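What follows is the residue order along each chain.
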Amino acid sequence: MAQTMLTGTYRLVHRDNNDNTLAELLEKHSSEFGGTVGTPNTDPQKMPKVKPTTRSIREDDKLVVMFKPDTTVTEHTTSTAATNTVRVPVRIKNLRSNFAFEKTLTTIDFTDRRAYANSQAWTANVWYDIFSLTLGAQLEMRLGHGIQDARVDSALNLQKDVTTS
């Protein structure tokens, strides 16, 4: 069994609580992130940057990471794991207190919507929801950080490796 890095297009979308897509926020090809199988890019200076957006994701809305593979990949019949790398810079604001802070979302902040599975197929040119984050009560979130250190704070990274035969 070997790890394979899924190559294709990642898309960040804003959805309401009924899973209706309200806006496509960002789209990037996996080649822009510069990782290799089992070794995601760890240098934020070499990752693509996210400009702050004005579109707000509010309570009960979702930030969803979608993926469209370039080629069809089938996970191993006894697949044991997938390796996920997520780094999404956001600005979060509490609407009641008006307190805002910047955060870099990682894998632990998201729900894995397409976890590894034995013999699971990733069909070329089909969009899959792979991660989602539902915003909590009284919160508002925007994609991107303010300018502190533009070389590293606004860096975006997405990579999914799966076990194949």
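Quantities reported herein were computed from a predicted structural model and do not represent experimental measurements.

S.K.: Summarise the nonpolar core; cite the residues concerned and give the values.
M.R.: Counting residues in hydrophobic clusters, the biggest one holds 31 residues, and the most contacted among them are Leu 12, Leu 63, Val 88, Phe 110 and Met 141. When residues of this core are traced back to their parent elements, those giving at least two are strand S2 (8-15), strand S3 (21-29), strand S5 (62-69), strand S7 (82-94), strand S11 (128-134), strand S12 (139-143) and strand S13 (157-164). Looking at this core, the element that brings in the most residues is S7, giving five residues. In contact with Leu 12, not counting residues within four places along its chain, are Glu 24, Leu 25, Leu 26, Leu 63, Val 64, Val 65, Val 88, Leu 143 and Leu 156.

S.K.: Kindly report on the pattern of salt bridges, identifying the contributing residues and their values.
M.R.: Scanning the entire structure with this criterion turns up eleven salt bridges. We note a salt bridge from Arg 113 to Asp 19, for which the minimum N-O separation is 3.9 Å. Of this pair, Arg 113 sits in the loop between strand S9 (111-112) and strand S10 (121-122) while Asp 19 sits in the loop between S2 and S3, and the two are 94 residues apart along the sequence. Owing to a relative accessible area of 36%, Arg 113 belongs among the partly exposed residues under this scheme. Note on Asp 19: relative accessible area 33%, which makes it partly exposed. In this structure, Glu 102 engages Arg 91 in a salt bridge whose closest nitrogen and oxygen atoms are separated by 3.9 Å.

S.K.: Describe the pairing of S12, naming the residues involved and giving the relevant values.
M.R.: For a regular strand, side chains alternate in direction, first toward one face of the sheet and then toward the other. In this sheet, S12 lies alongside strand S4 (residues 57-58) in antiparallel orientation, the contact comprising two bridges. Bridge pairing links Ile 57 to Met 141 in S12. Taken together, the five bridges between S7 and S12 define a ladder with antiparallel strand orientation. Looking at S12, one finds that Lys 93 is bridged to Glu 140.

S.K.: Explain the sheet that holds S5 residue by residue, including any values.
M.R.: The five strands lie next to each other as S3-S2-S5-S11-S9, forming an open sheet whose pairing is antiparallel. Each having just a single partner strand, S3 and S9 make up the two edges of the open sheet. In the sheet, S9 pairs with S11 via two bridges, with the strands oriented antiparallel. Directly across from Thr 111, in S11, lies its bridge partner Ser 132.

What counts as what
Residues numbered from 1 in each chain as written. Predicted model: local features only at pLDDT ≥ 70, side-chain atom pairs only at ≥ 80, totals over all residues. Heavy atoms only, no water. Core = buried A, V, L, I, M, F, W, Y, C linked by side-chain atoms within 4.5 Å. Buried < 20%, exposed > 50% of the residue type's maximum accessible area, 1.4 Å probe, protein only. Helix = DSSP H or I, 4+ residues; strand = E, 2+ residues; numbered from the N terminus. Contact = heavy atoms within 4.5 Å. Salt bridge = Lys/Arg side-chain N within 4 Å of Asp/Glu carboxyl O. Pairing = 2+ DSSP bridges.

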